[in-house]
Amino acid sequence: MPLPTGPLPTGLLLAAGAGRRMGGPKALLRSGSRQQGEPWVVSGARALHDGGCPRVLVVAGAESEAVSQLVAPLPWADVVVAERWAEGMGPSLATGLEALTGTDATCAVVGLVDTPDVGPAVVQRVLAEVGTSPAALGRAAYQGVPGHPVVLGREHWADVAGSARGDRGARTYLAAHPHHLVECGDLATGADVDTGDALPG
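Within any chain, residue numbers begin from 1 and follow the written order of that chain's sequence. Residues qualify for local features only when their pLDDT is at least 70, as the model is predicted, and side-chain atom pairs are given and counted only at 80 or more; totals for whole chains, interfaces and linings, by contrast, use all residues. With hydrogens and water excluded, all non-hydrogen atoms of the structure serve as input to the side-chain values.

S.K.: Is there a simple way to think about the sheet that holds strand β2 (residues 55-60) in this case?
M.R.: Neighbouring strands of a sheet are bound in pairs by backbone hydrogen bonds; such pairs are parallel or else antiparallel. Paired strands are those between which DSSP finds at least two bridges. For the purposes of this entry, the term helix denotes a DSSP run of H or I that reaches at least four residues, the term strand denotes a run of E that reaches at least two, and both are numbered from the N terminus. The strand order β3-β2-β1-β4-β6-β5-β7 describes an open sheet built from 7 strands, whose pairing is mixed. The sheet is open, and its two borders are formed by β3 (77-81) and β7 (180-183), each paired with just one other strand. Strand-to-strand twist of the sheet, defined as the mean angle between neighbouring strand axes without regard to direction, takes the value 25°. Strand direction decides the pairing type here: strand β1 (residues 9-15) and strand β4 (residues 107-112), joined by 6 bridges, are parallel. Considered in β4, the bridge of L13 is made with G111. We call two residues in contact whenever any of their non-hydrogen atoms come within 4.5 Å of each other. Where helices are involved, their axes are fitted lines through C-alpha atoms of the stretch in contact, as for all axes, and angles between N-to-C directions lie from 0 to 180°. Seen against the sheet, helix α1 (residues 40-50) touches β1, β2 and β4 and runs at an angle of roughly 160° to β1.

And the structure:
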């Protein structure tokens, strides 16, 4: 991944899952009632980029070649493949954070590919309130319920990666460390879309 210039936040989009309950990887789903719009992996990456992250790293797993082809036209985005993606979100997050350690990023802004209504305005607000320093630690909340994106300053990466197991990404670490919750319920629901019945539009 090319080095970001200066102390900047980098978006980290987790898009590795197989989407078994959805019938296929959610990264490949498209917006719109006929699924003819922008792929979720692209819109998720754009939300992070347009919200304040000059670079975005997409963590792929299932159908990684197809995901990589969709991301390739984005000049500010790169892809890393989580070899242990099938074990859950934890190994995918750890893979992304480990990949970022060789960059100048001061913090990672972690988003999920299956929260399609989380747009740039949410990312902007979270970054404005949590900050982008190496010590930053915070996340969005929706009607008081913690959600994504999550801001992880560089100082936290090694410990977060070490505690990420199964479908627990940064949850264990955040539960043990004070962090800033940023209410964004007026901007989005922040809901994870796991089944076809829950598809927007």
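S.K.: I'm lost on the nonpolar core in this one. Help?
M.R.: Across soluble globular proteins, nonpolar side chains show a tendency to be buried alongside one another. One finds V41, V58, V109, V122, V126 and V151 to be the most contacted residues of the largest nonpolar core, which totals 35 residues. Looking at this core, the elements that each hand over two or more residues are β1, α1, β2, α2 (64-71), β4, α4 (120-130) and β5 (137-142). Excluding its chain neighbours within four sequence positions, the residues that come into contact with V58 are L13, A15, V41, A45, V67, V71, D78, V79 and V80. Membership of the second largest hydrophobic core comes to 23 residues, among which are V59, V80, A108 and W157. Residues enter a nonpolar core if they are buried and are Ala, Val, Leu, Ile, Met, Phe, Trp, Tyr or Cys, with the set joined through side-chain atoms within 4.5 Å. Whether a residue is buried, partly exposed or exposed follows from its accessible area with a 1.4 Å probe, protein chains only, as a fraction of its type maximum: under 20%, in between, or over 50%, in that order.

S.K.: Which parts of the structure should I look at to understand the pairing of β3?
M.R.: As judged from the 5 bridges shared by β2 and β3, these two strands associate in the parallel manner. Note that in β3 the partner of V58 across the bridge is V79.

S.K.: Explain the confidence of the model for the protein to me, please; I cannot follow it from the model alone.
M.R.: Interpretation of this model should avoid reading the predicted coordinates in detail wherever pLDDT is low. Confidence per residue, as judged by the predictor, is encoded in pLDDT with a range of 0 to 100. Chain-level statistics for the protein give a pLDDT mean of 88 and a share of 87% at 70 or above. Counted against residues more than four places away or in other chains, residues 1-6, with its pLDDT under 50, gives 18 contacts. Under a pLDDT of 50 for its full length, residues 195-201 has, in the predicted model, 13 contacts with residues more than four places off or in other chains.

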